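Report on the structure
The chain contents come next:
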Amino acid sequence: MDNRYQVYKQIDVNTTNRGKIVVMLFSGAITFLNKAKMYMEKKDFENKGKYIVKAQDIVEELNISLDLEKGQEIAKNLKSIYLFVDRHLTQANIENEPQKIDNVLKILERLKSAFEEILHKPEFSEAQLINKTEQTQNCIKRFV
């Protein structure tokens, strides 16, 4: 059964456009942060930290995948946001502060919503193409 799931995920990654993958990554980070908050409330610091780091890994992947030349000001702004999110999550992890996770969740949910909107606009079809399939597959595999 597990092997079939992996095959399904592989097919999904191979046939998914870049915008949808970004939305999937945001969804994953949001899920991990909600789990981290749950563990924080239970005072399970090991799992809290594990899920915060998973979310940070996703944000880092989003950050390093930015094309600052093509994306220009938008990419630079996203880079600033991703760096802010990473710092905020580090503080949340150290200070055991659920409010800091909530602040990050709001940011990630807004970004996810914006990318979902882009997916449905034909004038942004260029942003939906996958040029580096292998890189995208490796990225998704790390978080699945």
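Below, the structure is looked at part by part.

**Overview of the packing of aromatic side chains**
With the rule as written, the count across this model stands at three aromatic pairs. Both rings, one in Phe26 and one in Phe115, keep their centres 5.6 Å apart while their planes meet at 45°; by these two values the pair is tilted. In this pair, Phe26 is assigned in helix H2 (residues 18–41) and Phe115 in helix H5 (residues 98–119), connecting sequence segments 89 residues apart. We note that Phe26, like Phe115, is buried. Relative to Tyr51, the ring of Phe32 lies with its centre 5.8 Å away and its plane at 40°, an arrangement referred to as tilted. Note that Phe32 is positioned in helix H2 and Tyr51 in helix H3 (residues 45–64), a separation of 19 residues in sequence. Among the aromatic residues, those joined into a ring-pair cluster are Phe32, Tyr39 and Tyr51.

**Some details on the nonpolar core**
Here is a general trend for soluble globular proteins: nonpolar side chains tend to be buried in one another's company. In terms of nonpolar packing, the biggest core is built from 29 residues, with Phe26, Leu33, Leu89, Ile101 and Leu108 touching the most fellow members. Among the elements of the structure, H2, H3, helix H4 (68–95) and H5 are those that each provide at least two residues to this core. When residues of this core are assigned to their parent elements, the largest contribution, 12 residues, is made by H2. Not counting the four nearest positions on each side in its chain, Leu33 is found in contact with Ile52, Ala55, Leu89, Ile101, Val104, Leu105 and Leu108.

**Section: the pattern of salt bridges**
This model, assessed by the stated rule, comprises three salt bridges. Lys37 is paired through a salt bridge with Asp102; the nearest N and O atoms lie 2.5 Å apart. Highlighted residues: Lys37 in helix H2 and Asp102 in helix H5, separated in sequence by 65 residues. As a salt-bridge pair, Lys112 and Glu116 come within 3.9 Å of each other at their nearest N and O atoms. With Lys112 and Glu116 both in helix H5 and four residues apart, this pair spans about one turn of that helix. Lys112 gets classed as partly exposed once you look at its relative accessible area, which sits at 22%.

**Points about the environment of Leu89**
When you line up the elements, Leu89 lands in helix H4. Classification of Leu89 as buried rests on a relative accessible area of 0%. Measuring from C-alpha to C-alpha, the distance between Leu89 and Ile52 comes to 6.8 Å, with 37 residues separating the pair along the chain. Dropping the residues within four chain positions of it, Leu89 is found in contact with Leu33, Ile52, Ala55, Gln56, Ile101 and Val104.

**Here's the deal with the side chain of His88**
Along the chain, His88 falls in helix H4. Judged by its relative accessible area of 12%, His88 falls in the buried class. Among the polar contacts listed, one links the side chain of His88 to the side chain of Asn103, at a separation of 3.4 Å. In contact with His88, not counting residues within four places along its chain, are Lys100, Asn103 and Val104.

**Focus: H4**
In an α-helix, one turn spans 3.6 residues; hence positions three or four apart end up facing the same way. The end-to-end C-alpha distance of H4 is 33 Å, clearly below the 40 Å that 28 residues give at a rise of 1.5 Å each. The sharpest bend along H4 measures roughly 75° and falls at Ile74. Looking at H4, one finds that the buried residues are Ala75, Leu78, Tyr82, Val85, His88, Leu89 and Ala92. Next to the buried residues of H4 lie H2, H3 and H5. The opening residue of H4 is Asp67, an N-cap whose side-chain oxygen sits 3.1 Å from the backbone nitrogen of Glu69. Among the residues trailing H4, Asn96 stands out with phi positive, at a value near 50°.

Calculation criteria
- Residues numbered from 1 in each chain as written.
- Predicted model: local features only at pLDDT ≥ 70, side-chain atom pairs only at ≥ 80, totals over all residues.
- Heavy atoms only, no water.
- Phe/Tyr/Trp six-rings, centres within 6.5 Å; stacked < 30°, edge-to-face > 60°.
- Helix = DSSP H or I, 4+ residues; strand = E, 2+ residues; numbered from the N terminus.
- Buried < 20%, exposed > 50% of the residue type's maximum accessible area, 1.4 Å probe, protein only.
- Core = buried A, V, L, I, M, F, W, Y, C linked by side-chain atoms within 4.5 Å.
- Contact = heavy atoms within 4.5 Å.
- Salt bridge = Lys/Arg side-chain N within 4 Å of Asp/Glu carboxyl O.
- Polar contact = N/O pair within 3.5 Å; in protein donor to acceptor, adjacent residues only side chain to side chain.
- Expected span 1.5 Å × (residues − 1).
- Bend = angle between axes of the 7 residues up to and from the residue.

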